[in-house]
Amino acid sequence: MRETPQQYTQRITALISGKQPFQIQGATTKKLERLIKGVSSAKLRQRPAAGKWSVNEILAHLAEAEIVGSFRMRMILAAPGTPIAAFDQDAWVVSGHYENRDPRKSLEQFRVSREANLALLKSLTPEQWKHHGVHSERGRETIEHMVSMFAGHDLNHLGQIEQILGKKK
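Conventions used here
Residues numbered from 1 in each chain as written. Predicted model: local features only at pLDDT ≥ 70, side-chain atom pairs only at ≥ 80, totals over all residues. Heavy atoms only, no water. Helix = DSSP H or I, 4+ residues; strand = E, 2+ residues; numbered from the N terminus. Expected span 1.5 Å × (residues − 1). Buried < 20%, exposed > 50% of the residue type's maximum accessible area, 1.4 Å probe, protein only. Arc of directions from axis to C-beta. Contact = heavy atoms within 4.5 Å. Polar contact = N/O pair within 3.5 Å; in protein donor to acceptor, adjacent residues only side chain to side chain. Salt bridge = Lys/Arg side-chain N within 4 Å of Asp/Glu carboxyl O. 1 Å grid on protein atoms, 1.4 Å probe; cavity = no way out; pocket = protein on both sides within 12 Å on 5 of 7 lines; lining within 4 Å. Points joined across faces, edges and corners; volume = space filled by probe spheres on them. Axes fitted to C-alpha atoms, helices over the stretch in contact; angles between N-to-C directions. Parallel < 35°, antiparallel > 145°, perpendicular 65-115°, else oblique. Left-handed = near helix turned anticlockwise from the far one by under 90°. Pairing = 2+ DSSP bridges. Nonpolar A, V, L, I, M, F, W, Y, C, P; charged D, E, K, R; others polar.

Visitor: Account for helix H6 (residues 103-123), with residues named and values stated.
Guide: Spanning 21 residues, H6 covers 31 Å between terminal C-alpha atoms, matching the ideal 30 Å at 1.5 Å per step. Of all the positions in H6, only Pro103, Ser106, Leu107, Phe110, Ser113, Arg114, Asn117, Leu118, Leu120 and Leu121 are classed as buried. Projected down its long axis, H6 shows its buried positions confined to an angular sector of 155°, all on one face. Along H6, the residues that are exposed and aim more than 90 degrees away from the buried face are Lys105 and Lys122. Here the buried face of H6 lies against helix H2 (21-36), helix H3 (41-44), helix H4 (55-78), helix H7 (126-129) and helix H8 (143-165). Its side-chain oxygen at 2.8 Å from the backbone nitrogen of Arg104, Asp102 defines the N-terminal cap of H6.

Quick look at the structure:
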């Protein structure tokens, strides 16, 4: 059974309980680099089980999700209250041919997008952190909440990659 949008939000935000979301986001690229260092592209492309994403697919997903987040934040900042569309991440894996992507290029795409997003976030006024959009599945989401969601999303996928590669602490 798939989790509801509300269950997803609870699971992801629980991962960052007591942690600093902005710091998590700032550290994710280096953690990903360390995890995949020295791992062959063939191993990164191996799915751990049927219907589960490979590390390569997770990296491509992170890169594209960062672009989505970038767009959403900019839409919200320019027009607070704007509608925010959901997307089917599993459909994107297939339609975007994530299995064929170069994992290190996906990581580089993620790094560049994340750095741009962190720079934007550092420039925001306290008022702008409270600007919100209306997500089509999850409802009202502020920039502040989105940062928490992306930090939890990072931790979720870092944990998956650690498990797949046998590097779980």
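Visitor: Report on unusual backbone geometry, specifying residues and quantitative values.
Guide: Although it is not a glycine, His97 adopts a positive phi angle of roughly 50°. Along the chain, the position of His97 falls in the loop between helix H5 (89-95) and H6. For His97, a relative accessible area of 45% corresponds to the partly exposed category.

Visitor: Tell me about the pattern of salt bridges, and name the residues and values.
Guide: Following the criterion strictly, the structure yields eleven salt bridges and no others. Glu64 is the partner of Arg101 in a salt bridge, and the nearest nitrogen-oxygen pair spans 3.0 Å. In this pair, Arg101 sits in the loop between H5 and H6 while Glu64 sits in helix H4, placing the two residues 37 residues apart along the sequence. The exposure class of Glu64 is buried, given its relative accessible area of 18%.

Visitor: Tell me about the layout of surface pockets, and please be specific about residues and values.
Guide: Taken as a whole, the largest pocket encloses approximately 1100 Å³ of empty space. Along the wall of the largest pocket there are 33 residues; nearest its centre are Arg2, Glu3, Tyr8, Arg11 and Gln89. If you list the elements that add at least two residues to the lining of the largest pocket, you get helix H1 (5-14), H4, H5 and H8.

Visitor: Please set out the packing of H2 against H6 residue by residue, giving values where relevant.
Guide: In the contact formed by H2 and H6, the axes pass within 10 Å of each other and the chain directions differ by 165°. On the basis of the axis angle, H2 is roughly antiparallel to H6. As H2 packs across H6, the resulting crossing turns out to be left-handed. Taken together, the residues of H6 that come into contact with H2 (itself represented by Phe22, Gln25, Gly26, Thr28, Thr29, Leu32, Glu33 and Ile36) are Arg104, Leu107, Phe110, Arg111, Arg114, Leu118, Leu121 and Lys122.

Visitor: Could you give me a rundown of the environment of Gly18, with the residues and numbers involved?
Guide: Its location among the elements puts Gly18 in the loop between H1 and H2. We classify Gly18 as exposed; its relative accessible area is 81%. In the structure, Gly18 is positioned 48 residues away from Glu66 in sequence and 23 Å away in space, judged by C-alpha atoms.

Visitor: Give a detailed account of the pairing of strand S2 (residues 132-135), specifying residues and quantitative values.
Guide: Alignment of strand S1 (residues 83-84) against S2, held across two bridges, turns out to be parallel. Each bridged residue has a counterpart across the sheet, and for Pro83 the counterpart in S2 is Val134. Inspection of the sheet shows S2 paired to strand S3 (residues 139-142) by four bridges, in the antiparallel sense. What sits directly across from His132, in S3, is Thr142. Once S2 ends, the chain turns through three residues before running back antiparallel as S3.

Visitor: Outline the packing of H4 against H6, listing residues and values.
Guide: Look at H4 against H6: their axes get within 8 Å of each other, and the N-to-C directions meet at 25°. Taken together, the axis directions place H4 and H6 in an arrangement best described as roughly parallel. Note that H4 runs across H6; the crossing there is left-handed. Here Asn56, Leu59, Ala60, Leu62, Ala63, Glu64, Glu66, Ile67, Ser70, Met73, Arg74 and Leu77 of H4 lie close against H6, whose contacting residues are Pro103, Ser106, Gln109, Phe110, Ser113, Arg114, Ala116, Asn117, Leu120 and Leu121. Classifying every residue of the contact of H4 with H6 by side-chain character gives twelve nonpolar, six polar and four charged.

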